[in-house]
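# Residue-level structural notes
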Amino acid sequence: MSPIELNLHPLQNTLFARSPNAGKARCEPGWHWQPQRPLDDYDLWYVLSGKGRMTVNGIAYDDIGKGSCFLLRPGDKPEATQDPFDRLSVIFIHFSVQDLQTGQPLSPTLLPERYTTVGDTLLIEMLLNRQLQMIHSDGPWLEAEFDLIMKQTMLHLHRWQQTQEAVSADKHKQLIGRVISYIREEPGRRATHQDIAEHVGLSAEYVSVLFKKYTGTSIKQYITDVRLERAMHLLMETPMNVTQVAEALGYSNIYLFSKQFKQRYGTPPSQLKWKSEPAQAHSNPKGN
């Protein structure tokens, strides 16, 4: 659970202050943004159009485009490039934010994460354009208006991130369901982690991490469990002997099979007997 979820009003006692370093720009041909020093303040960086790539502290965000929004923090080291055939147009707004209770800069953990795919580009662009209008303006209440609009922007970024997390979780669960179906469909299949990963179109490492996260067990252990469950069924409900069952379920070593089976069920597979019972004639309730 994130700090924002723990506190219903994490920005209630904060003040967002504008900076003159803000604007809207279409990036020039050959543009490559790479500040020589880490950022001194926050930078709300939004893509209006075009395509490119952003790296923040060594973490790459490929294929950024319209609706990509970065909330860069003090100390961050960003680097961005663009597609030379589809140049970027961006809005950037630098600001600071203070915790009014302590008088210190607000902890970044109370703000949304660095990257958001915006769910309503019309809304975010309206908010950002209004903030740009205030940067170089004078008049009453501008500081208060900037603070309020920035808080509203943070709220929407947080909500869009929550939606993205829920969508990602659903997709991950569907993917793990496909992996489980693939394993259970044929327990004796000699499938490597790479085979399973190719079946769902992802890397073996990523599938292993997701599987462990959503099932609490490793792919290797799950395959073993499914094989032993099937082995119990085959030994109890078919005339197959232990050697036949082990071979059918992909075991090249019958001793390993027997060891795993006993560890799981507390008895060696050789003690299980399939019993065939003769068919019983149907009784006639009238005695005829």
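So, here's what we can say about the structure. Note that the structure is predicted; figures quoted are calculated from it, not measured.

This part is about the overall build of the chain. Summing up its helical and strand segments, the chain has 8 helices and 10 strands in all. In terms of overall size, the chain is more extended than a compact globule, its C-alpha atoms giving a radius of gyration of 30 Å where 288 residues would be expected to give roughly 19 Å. If you line up the chain on its principal axes, its C-alpha atoms span 105 × 50 × 40 Å. The contacts in the chain between residues at least 6 apart in sequence include a share of 72% that link residues at least 24 apart. Here the chain has roughly 17400 Å² of accessible surface; of this, 51% comes from carbon and sulfur atoms. Taken together, the 31 basic and 31 acidic charged side chains of the chain have centroids lying 9 Å from each other.

Turning our attention to helix α5 (residues 204-215). For the α-helix, the turn length of 3.6 residues means that residues three or four positions removed from each other point alike. Helix length check: α5 (12 residues) gives 16 Å between terminal C-alpha atoms against 16 Å at 1.5 Å per residue, within 8%. Listed as buried for α5 are Ala204, Val207, Leu210 and Phe211. Axial view of α5: buried residues confined to an arc of 130°, hence all on one face. Facing away from the buried surface of α5 by more than 90 degrees, the exposed residues are Glu205, Val209 and Lys213. Residues of α5 that are buried in the fold lie against α3 (142-185), α4 (193-200) and α6 (219-237). With its phi angle positive at about 80°, Gly216 sits one or two positions after the end of α5.

Within the open sheet, the 4 strands sit side by side as β2-β7-β4-β5. Their pairing is antiparallel. In this open sheet, the two strands that pair with only one neighbour each are β2 (32-33) and β5 (59-64). With 5 bridges joining them, strand β4 (residues 52-56) and strand β7 (residues 78-82) adopt antiparallel strand pairing. Across the sheet, Gly52 pairs through a bridge with Gln82, a residue of β7.

Turning our attention to the state of the cysteines. Enumeration according to the criterion identifies 0 disulfides in this entry. Unpaired in terms of disulfides, Cys69 finds its nearest cysteine sulfur in Cys27, a separation of 15 Å.

Another point: the pairing of strand β8 (residues 89-99). With 8 of 11 residues buried, β8 is to be regarded as a mostly interior element. As defined by bridge partners, strand β1 (residues 14-26) adjoins β8 across 10 bridges and the pair is classed as antiparallel. Across the sheet, residue Lys24 finds its bridge partner in β8, namely Ile91. Across 7 bridges, the pairing between strand β3 (residues 42-49) and β8 is antiparallel. Its bridge partner lying in β8, Ser49 is registered against Ser89. Relative to strand β9 (residues 104-105), β8 is paired through 2 bridges, and the arrangement is antiparallel. Its bridge partner lying in β9, Asp99 is registered against Gln104.

Evaluated as defined, the whole model comprises 11 aromatic pairs. For the ring pair Trp33 and Trp45, a centre distance of 5.9 Å and an interplane angle of 5° mean the geometry is stacked. Within this pair, whereas Trp33 is found in strand β2, its partner Trp45 is found in strand β3, the two being separated by 12 residues in sequence. For the pair shown, Trp33 and Trp45 are each scored as buried. For the ring pair Phe257 and Phe261, a centre distance of 5.9 Å and an interplane angle of 55° mean the geometry is tilted. Linking Phe257 with Phe261, this pair stays in helix α8 (residues 254-265), spanning 4 residues, or about one helical turn. Taken individually, Phe257 and Phe261 each receive the classification buried, so the pair is uniform in this respect. Of the aromatic side chains, those joined through ring pairs into one cluster are Trp33, Trp45, Tyr61, Phe70 and Tyr115. If you follow Arg189 out to its NZ or CZ, it ends over the ring of Tyr182, 4.0 Å from the centre.

Basis of the calculations
Residues numbered from 1 in each chain as written. Predicted model: local features only at pLDDT ≥ 70, side-chain atom pairs only at ≥ 80, totals over all residues. Heavy atoms only, no water. Helix = DSSP H or I, 4+ residues; strand = E, 2+ residues; numbered from the N terminus. Rg over C-alpha atoms; globule rule 2.2 N^0.38 Å. Contact = heavy atoms within 4.5 Å. Areas by Shrake-Rupley, 256 points an atom, 1.4 Å probe, with all protein chains shown as cover. Lys, Arg positive; Asp, Glu negative; His and termini not counted. Charge placed at Lys NZ, Arg CZ, Asp CG, Glu CD. Expected span 1.5 Å × (residues − 1). Buried < 20%, exposed > 50% of the residue type's maximum accessible area, 1.4 Å probe, protein only. Arc of directions from axis to C-beta. Pairing = 2+ DSSP bridges. Disulfide = S-S within 2.5 Å. Phe/Tyr/Trp six-rings, centres within 6.5 Å; stacked < 30°, edge-to-face > 60°. Lys NZ or Arg CZ within 6 Å of the ring centre and 35° of its normal.

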